[in-house]
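# Architecture and fold: a report
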Amino acid sequence: MNRIAQRQFAVVERAEPAEIELSVVLPIYEEEESLPQLLSKLFDVLHNLHCPFEVIAVNDGSKDRSIDVLRKAAAVHPELRVVDFTRNYGQTAALMAGFDHARGEIVITLDADLQNDPEDIPILIGKLREGYDVVSGWRADRKDAAISRNFLSRVANRVISRVSGVHLRDYGCTLKAYRRDVASNLRLYGEMHRLIPIYASWMGAKVIEVPVRHHARQYGRSKYGLGRIMKVVLDLAVAKFLEHFLVKPIYLFGGFGLLSILAAFAAIGWAIGLKIVDGTSLILTPLPLLAAMLFLIGCISILMGLLAEMVMRTYFESQSRPPYHVRQRINLDVAA
Ligand code: UDP
Ligand code: MG
């Protein structure tokens, strides 16, 4: 009896997976030609690190044979775990699915098209071990189209850096490394994966940029056109709004509303002034109409602010989310 129990215990123990230290996340949309070469290079690099790792490949609704390639590779490499989306949800969603499934203390993301180089992974890990929370790759010698990609992205990077106050040279490089708690705290929408270091930095994470290699695309084609610039600009506007007003949206809407009402009073005051001084009839100037419009806009703005406050409270309170992030607790055993 005792021996059986012991044997069972031994079996259970052996079945326990080793603690994963490193999770590598690959977003994949129609990369069947690149995948075999990428996986072989990636596994070489990861095996040489001599730490327990996993690779999470997220197939983002590819219509080519990417999933077949992944299935075959997963049969050979038990460390390869595959998440297969029902349709194309976009790179941000693919990365987020990767973060959700990652178990490693360190999470690394890289493109699956061989443009990022797996050999840079040890450099990123080295930086994390120096105490940084996010290490972002900088494609110092970028191998994409000169005008339509490199030039525009340089302009975009400058703007993002200025607006966000988080100064990186290259936000768009997928090759990045995160400490797990940073990655798992992120909720990503739209195209905002490029802005992760910004959100992380706003949450108090230490962010650094390191130069990484970049290669021209060998197979397939880029999945993005110029439309992405507009999306990134709007994502940045959302980010900026959330940074300042997530917990107090009424300050933005209400502030604008009050200004508008003030302007309404100024307009009507001006109209009355004209009437008294010049005897100009109120009907002859557009000022009363302007005043009415500004007053209405002001009231609506304030009401929208109140609505936004209710939405925000529902968001935080329904999920019992505190509006702060704790780095560590000392002599406190609070979970979460
Ligand atoms: N990707 C994805 N879903 C998409 C578009 C792209 O998972 O809807 C993946 C793609 O397979 C690649 C990475 O995201 O691994 C970057 O895409 P791409 O190479 O097209 O972007 P670029 O390098 O041109 O900026
Ligand atoms: Mg690419």
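All values derive from a computational prediction rather than experimental measurement.

## Thoughts on the site of ligand 1
Surrounding ligand 1, one finds 18 residues, the nearest of these being Glu31, Asp60, Asp113, Ser222 and Lys223. The side chain of Gln91 places a nitrogen or oxygen atom 3.4 Å from an oxygen atom of ligand 1. Within the complex, the protein chains bury 96% of what would otherwise be the 520 Å² of accessible surface of ligand 1. Broken down by class, the residue content of the shell around ligand 1 amounts to five nonpolar, five polar and eight charged.

## Some words on the environment of Met310
Within the secondary structure layout, Met310 lies in helix α11 (residues 287–318). Considering only alpha carbons, one finds Met310 and Ile250, 60 residues apart in sequence, at a separation of 9.9 Å.

## A word on the packing of aromatic side chains
Summed over the entire model, instances satisfying the criterion amount to eight aromatic pairs. Ring geometry for Phe85 and Tyr89: centres 5.3 Å apart, planes at 85 degrees, overall edge-to-face. Judged by its relative accessible area of 16%, Phe85 falls in the buried class. The interplanar angle of 35 degrees and the centroid separation of 6.0 Å between the aromatic rings of Phe241 and Phe245 together place this pair among those described as tilted. A residue pair is termed a helical-turn pair when its members lie 3 or 4 positions apart in one helix, as Phe241 and Phe245 do in helix α9 (residues 227–245) at four residues. A relative accessible area of 26% means that Phe241 is categorised as partly exposed. Phe245 gets classed as partly exposed once you look at its relative accessible area, which sits at 21%. Lying over the aromatic face of Tyr89, Arg87 brings its terminal NZ or CZ to 4.0 Å of the ring centre. Taking NZ or CZ as reference, Arg194 lies 5.3 Å from the ring centre of Tyr224, over its face.

## Quick look at the coordination of the magnesium ion (ligand 2)
Within the protein, Asp113 (OD) and Gln115 (OE1) serve as the donor atoms for the magnesium ion (ligand 2), at 1.9 Å. Here the two residues Asp113 and Gln115 agree in accessibility, since each one is buried.

## Notes on the nonpolar core
One recurring pattern in soluble globular proteins: nonpolar side chains tend to sit buried together. Counting residues in each nonpolar core, the largest one holds 35 residues, and the members touching the most others are Leu22, Val24, Leu26, Val55 and Ile108. Mapped by element, the contributors of at least two residues to this core are β1 (22–28), α2 (35–48), β2 (53–59), α3 (66–76), β4 (106–109), α5 (121–129) and β7 (207–212). In terms of residues, this core owes the most to one element, α2, which gives seven residues. Those residues in contact with Ile108 that sit more than four places away from it in its chain are Leu22, Ser23, Val24, Val25, Ile121, Ile125, Leu175, Lys176 and Ala177. Judged by nonpolar contacts, the second largest core, of 32 residues, contains Val25, Val83, Ile160 and Leu168.

## Digging into the pairing of strand β6 (residues 176–179)
Strand direction decides the pairing type here: β4 and β6, joined by four bridges, are antiparallel. Note that in β6 the partner of Val107 across the bridge is Tyr178. The pairing of strand β5 (residues 134–139) with β6 spans three bridges and is classified as antiparallel. Note on β6: the bridge partner recorded for Val134 is Tyr178.

Rules and cut-offs
- Residues numbered from 1 in each chain as written.
- Chains lettered and ligands numbered in written order.
- Predicted model: local features only at pLDDT ≥ 70, side-chain atom pairs only at ≥ 80, totals over all residues.
- Heavy atoms only, no water.
- Near = heavy atom within 4 Å.
- Polar contact = N/O pair within 3.5 Å; in protein donor to acceptor, adjacent residues only side chain to side chain.
- Areas by Shrake-Rupley, 256 points an atom, 1.4 Å probe, with all protein chains shown as cover.
- Nonpolar A, V, L, I, M, F, W, Y, C, P; charged D, E, K, R; others polar.
- Helix = DSSP H or I, 4+ residues; strand = E, 2+ residues; numbered from the N terminus.
- Phe/Tyr/Trp six-rings, centres within 6.5 Å; stacked < 30°, edge-to-face > 60°.
- Buried < 20%, exposed > 50% of the residue type's maximum accessible area, 1.4 Å probe, protein only.
- Lys NZ or Arg CZ within 6 Å of the ring centre and 35° of its normal.
- Donors = N, O, S within 2.8 Å, 3.2 Å for Na, K, Ca; no water.
- Core = buried A, V, L, I, M, F, W, Y, C linked by side-chain atoms within 4.5 Å.
- Contact = heavy atoms within 4.5 Å.
- Pairing = 2+ DSSP bridges.

Worth remembering: the numbers are spatial, not functional.
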